[in-house]
Each structure stands twice: as C-alpha cells, then as structure tokens.
Amino acid sequence: MARFEPDRDYGLNTLIAHLGEEEKIKGAVVPPIFQNSLFLFETIDDLNGHIREGRTDMDVYSRVSNPTTSIAEKKIAAIEGTEEARLFNSGMAAISAAILSALDGPAHVVAVDTCYGPTRQFLDYMSRYGVTTTYIEGTDPDAVIAAIRPGETQAVYLESPSSVLFLLQDLTTICRYCREHGVTTILDNSYSAGVFQKPASFGVDLVVHSATKYFGGHSDVVAGAIAGSKERLTKMTMEEVSLFGAILPPFPSWLILRGLRTLTVRLKHHQEAANHIAKWLQGTGAADAVHHVGLDSFPQAALRDRQMTGTSGLFSFEPKVQDGEKVKAFANHLGLFGRGVSWGGFESLVVAFPTHPMHYESSRWIVRLNIGLEEPADLIADIQQALHASELLP
Ligand SMILES: *Cc1c(COP(=O)(O)O)cnc(C)c1O
C-alpha cells in the first residue's frame, strides 16, 4: 500500500495521526521541536525572494512561521475542514486577532451576550477605538439578524454552545444572511473542539479556539487557533499574526501537536462520561436545571442534532437550594474535582459563582463541572457525597 499522501481522501483520525508529518526527519517518529528563531538560505537571492515575493515553501523567521507549529496548524485545518489554520499564544490572542481582522476602522459588531467573559471585555475595550457592540441572546436567529445594521455592522461574533449557559445559535440562518450582506462571522468552537461541530460547513468565516482546552487536553499549555480560508488566513499572517507577534512558540506548538493525537479518543470518553453524569444529576433532584447540551431534555435539541454530531465534557447546573454558603460548601467538599478555572484537560474541575443577572430576574448560583478522564462511577460517588455533606439534596 502507498505511504500516507496528504492529498488522498483519508478519515479524520488518519489525518490527525499523519498529516504534516510525511517527512520523517532522521526517521524520528515524532517530529522534532524546531527551537530556532530563523532559517538559513543558500544565497541572498533566495532569501530576498522569500521575503519580497512572499514565497512560503520555506520558513524565514519564527514570528511568521515555524515547521513544528505548521504541523499542528495543518491538523487543526483538517479537523475544522478549512483550507488553513494558524496557532496563537492564547485563545484570547486568536479571538482578538480574528475580531480585528474583520474590522475596517470604527465599526459595529453583534455578539452573543453569554460569550466567554474576556471576549466581551475585549469588545468593550475596543470601544476606545470607536468599535461598538450590540449583545444579543442568540437563540433566535431573527433577533441576531435584526441587530445587524446594514452598512455599519462588520462582524457577528458567535459562541455555540455559549459559555456557562450552553445556548446554541442557528448557524445556517445567521451565516446565510451574513454572507449575503458582507458581514464576517466568527465562532468560538472550543466546546466542540472541531470534532463535534464544523462551523465552516455552515458558512462561518473564522473559527476560533482556545487550544488550551481540548486541543491541548493535558492542562500544560496555553494556546489559541483560528481556522478559515486561505485568503483570510494569508492576509492575517501578514497583518495580525506578523504585526501583533502573538505566535505560538515551537515548544507549546509541539505540546498541542501531542494533544491533538488523542483528541478524538479523549472526546469520546468526555462525551460518554458527561452525558452519564449529567443525566444522573438530573435524577437526584438537587438541581433546578442541568445545562448540558447532551441531555435528551436540552431545550434546543433539534438545533443541536442539526449542527452538532456530539457533545463534550462541560456542563453547569443550578442547585435547587440557592444558598451561596451551601453551594460553596458543595464545591469545597468535592474530592476528585479540583477547584479551578479552565476546562478540557484530563482532570475534573469545578467552579461555582452567582450568574450574571442578565438571563434571570435575580442572580442565581451556578456550578460548572468539567468532566475529566477519571472513572465516571468515581466522579458520581464524589458528587453524591458532596451533595449530602453540603445539604444540597432536597
Ligand atoms: C478559555 C476560553 C477562551 C480563552 O482561551 P485562552 O486560551 O484562555 O486565552 C475562549 N473561549 C472559551 C469558550 C474559553 O473557555
């Protein structure tokens, strides 16, 4: 059988395993970390050719491209089904670069109000440069479209499922309108890790990721990514990538590459475990609402089934007992769940906080669980003892 050829029609797992690694340097099964800032050329004409003509068959300088980083980028593009992808040194670096690449001077943006908190803060920060943002709930595509101001709105920022409340947006309807009206769509796809949702297939222009989460998967690296068309990413490489300089260095790129190798197997476990635990939690009666995209009772189940092929390991719930001290005691009593931010790693985590009152009459306590790769039965036993100890059970 022929060796792996990048242009053949392989399944996703084969691409994740081999794409970008056709050249086995000194036979090494794992590509080396190209820990260098620059690359040497045989002649000055050759070097000048690469700089002036923008030739890309060789790397010139690691602020623009690096072989280790490029391998991970090829795999991320394959996962998202886009022509290209670029890595950044955090999810926020990718998100801010994507938003800025879509704007041409003072402009108007429409954004999902339950998007990742610092994304909102970045949009608000941009008001000092004349960028104004209208926040919408996002579940009604007509309301999203109604917020778009013809000739003024340049970007629609989506996050589906959104942070904390896991609300979905109708990508087909929103993207069709935006494409027709020249509005760039950006979507944060960190939750689905590119595996369970392919936003580009619904017409999203720029897919952004916190690669810190499932792409890395081991809680040992902070990184971000953007996937999109060759046209958009080539322009971005010369502008937001090269000029802001927030590139992912070779070593963290190599960690992302290592994380990607097990992405689909990890997600399968996260999915099964979170679905099982969320359903069990619903049965305990300790929660007024379990916000988990994977539940049969998920309010937007029909939309989920149209645009997602699976769900991951992150969900939240609203304890029936809305006593802040007891909710905090629950989180403190958990033994296997670490109390800490972030998610998408091998380890289970918990955070508990009062939600923004935006979606409620008054602020409500919410608990978000990240289901890691531990044994689901052990996690259930842990949650059960913590519910008892904190008197959160009815
Ligand atoms: C963590 C997170 C980000 C930000 O990513 P960093 O890598 O921390 O910069 C963006 N979006 C979502 C949904 C996140 O959870």
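Residues numbered from 1 in each chain as written. Predicted model: local features only at pLDDT ≥ 70, side-chain atom pairs only at ≥ 80, totals over all residues. Heavy atoms only, no water.

With that settled, the discussion passes to the overall build of the protein. Secondary structure assignment for the protein yields 13 helices and twelve strands. Computed over the C-alpha atoms, the radius of gyration of the protein is 22 Å, within 12% of the 21 Å expected from 2.2 N^0.38 for a compact globule of 394 residues. Here the C-alpha coordinates of the protein stretch approximately 75 × 55 × 35 Å along the principal axes. A total of 394 residues make up the protein; the buried ones form 54% of that total. Relative to all contacts within the protein whose residues are 6 or more apart in sequence, the contacts with residues 24 or more apart total 70%. Roughly 17500 Å² of accessible area belongs to the protein as shown, and the carbon and sulfur atoms make up 54% of that amount. A distance of 3 Å separates the average location of the 33 positive side-chain charges in the protein from that of its 46 negative side-chain charges. (Helix = DSSP H or I, 4+ residues; strand = E, 2+ residues; numbered from the N terminus. Rg over C-alpha atoms; globule rule 2.2 N^0.38 Å. Buried < 20%, exposed > 50% of the residue type's maximum accessible area, 1.4 Å probe, protein only. Contact = heavy atoms within 4.5 Å. Areas by Shrake-Rupley, 256 points an atom, 1.4 Å probe, with all protein chains shown as cover. Lys, Arg positive; Asp, Glu negative; His and termini not counted. Charge placed at Lys NZ, Arg CZ, Asp CG, Glu CD.)

Moving on, we get to the packing of aromatic side chains. Following the criterion strictly, the structure yields seven aromatic pairs and no others. A ring pair is formed by F317 and F330, whose centres lie 5.9 Å apart and whose planes are at 80 degrees; its orientation type is edge-to-face. Here F317, found in strand β9 (residues 314-319), pairs with F330, found in helix α12 (residues 324-333); they are 13 residues apart in sequence, far enough to count as distant. On the basis of relative accessible area, F317 is assigned to the buried category, the value being 0%. Note on F330: relative accessible area 0%, which makes it buried. Clustering of aromatic rings is evident, with ring pairs tying together F122, Y125 and Y129. (Phe/Tyr/Trp six-rings, centres within 6.5 Å; stacked < 30°, edge-to-face > 60°.)

Time to look at the environment of I247. Its location among the elements puts I247 in the loop between α8 (230-244) and α9 (250-260). Relative accessible area serves as the criterion here: at 16%, I247 is assigned to the buried category. For the pair I247 and K320, spaced 73 residues apart in sequence, the C-alpha separation works out to 45 Å.

Here we take up the sheet that holds strand β2 (residues 108-112). Across the sheet, which stays open at both edges, the seven strands sit in the order β1-β7-β6-β5-β4-β2-β3 with mixed pairing between neighbours. Looking at which strands have only one partner, the edges of the open sheet turn out to be β1 (84-88) and β3 (132-136). When strand polarity is set aside, the average angle formed by the axes of neighbouring strands in this sheet is 20 degrees. Bridge analysis of strand β4 (residues 153-159) against strand β5 (residues 184-188) gives five bridges, and the strand direction is parallel. (Pairing = 2+ DSSP bridges. Axes fitted to C-alpha atoms, helices over the stretch in contact; angles between N-to-C directions.)

The next thing to look at is the nonpolar core. With 52 residues, the main nonpolar core has I76, V156, I256, L260 and L263 as its most contacted residues. Looking at this core, you find at least three residues from each of domain 1 (12-261) and domain 2 (263-390). Contacts of V156, omitting those with residues within four sequence positions, involve V110, V144, I148, I174, C178, V183, T184, T185 and I186. Residues I99, L103, A111 and V208 belong to the second largest nonpolar core, which totals 28 residues. (Core = buried A, V, L, I, M, F, W, Y, C linked by side-chain atoms within 4.5 Å. Domains from an automatic or database assignment.)

Excluding glycine, residues mostly carry a negative phi; peptide bonds, for their part, are mostly trans. A cis amide bond, omega -5 degrees, links S160 with the succeeding residue P161. By the secondary structure assignment, P161 is in the loop between β4 and α7 (171-180). Located in the positive-phi region is S219, a residue other than glycine, with phi close to 50 degrees. As for its placement among the helices and strands, S219 is situated in the loop between β6 (206-210) and β7 (224-228).

Looking at the largest pocket, its volume works out to about 1400 Å³. Along the walls of the largest pocket sit 42 residues, with T56, D57, D59, S65 and S70 positioned nearest its centre. Where the lining of the largest pocket is concerned, the elements lending two or more residues are α2 (44-52), α3 (67-80), β1 and α8. For the lining of the largest pocket, the element with the highest residue contribution is α3, accounting for seven residues. (1 Å grid on protein atoms, 1.4 Å probe; cavity = no way out; pocket = protein on both sides within 12 Å on 5 of 7 lines; lining within 4 Å. Points joined across faces, edges and corners; volume = space filled by probe spheres on them.)

Here the focus is the environment of H18. Mapped onto the elements, H18 comes out in helix α1 (residues 12-18). Taking the C-alpha atoms as reference points, H18 and Y191, 173 residues apart in sequence, are found 24 Å from one another.

For the rest of this paragraph, the subject is a nonpolar patch on the surface. On the surface, L38, L40 and Y61 cluster together into a nonpolar patch covering about 350 Å² of accessible area. Positionally, L40 belongs in the loop between α1 and α2. Residue L40 is classed as exposed on the basis of its relative accessible area, which comes to 72%. (Patch = residues over 30% accessible without salt bridge, like charges linked within 9 Å, V, L, I, M, F, W, Y side chains within 5 Å. Salt bridge = Lys/Arg side-chain N within 4 Å of Asp/Glu carboxyl O.)

Now for the sheet that holds strand β10 (residues 338-339). Within a sheet, neighbouring strands are paired by backbone hydrogen bonds and run either parallel or antiparallel to one another. Ordered in space as β8-β9-β12-β11-β10, the five strands form an open sheet in which the pairing is mixed. The sheet is open, and its two edges are formed by β8 (287-291) and β10, each paired on a single side. Taken together, the four bridges between β8 and β9 define a ladder with antiparallel strand orientation. Its bridge partner lying in β9, A289 is registered against E318. Against the sheet, α12 makes contact with β9, β10, β11 (349-354) and β12 (365-370), and its axis sits at roughly 15 degrees relative to β12, the strand it touches most.

In terms of domain boundaries, the protein breaks down into domain 1 (12-261) and domain 2 (263-390). In this complex, domain 1 contributes 38 residues to the contact, which on the side of domain 2 involves 37 residues. Summed over both partners, the interface of domain 1 with domain 2 buries about 3100 Å², with 62% contributed by carbon and sulfur atoms. Three residues stand out in domain 1 for area buried against domain 2, namely Y191, F196 and Y214, and they jointly supply 28% of the buried area on that side. (Buried area = accessible area lost by both parts, 1.4 Å probe.)

Okay, the site of the ligand next. Taken together, 13 residues are adjacent to the ligand, and G91, M92, D188, T212 and K213 come closest. Here M92 contributes a backbone N or O atom positioned 2.8 Å from an oxygen atom of the ligand. K213 is positioned with one of its side-chain polar atoms (N or O) 2.7 Å from an oxygen atom of the ligand. For the ligand, the accessible surface in isolation is 390 Å², of which the surrounding protein chains cover 89%. No other element matches helix α4 (residues 91-102), which puts three residues into the shell around the ligand. Partitioning the shell around the ligand into residue classes produces five nonpolar, five polar and three charged. (Near = heavy atom within 4 Å. Polar contact = N/O pair within 3.5 Å; in protein donor to acceptor, adjacent residues only side chain to side chain. Nonpolar A, V, L, I, M, F, W, Y, C, P; charged D, E, K, R; others polar.)

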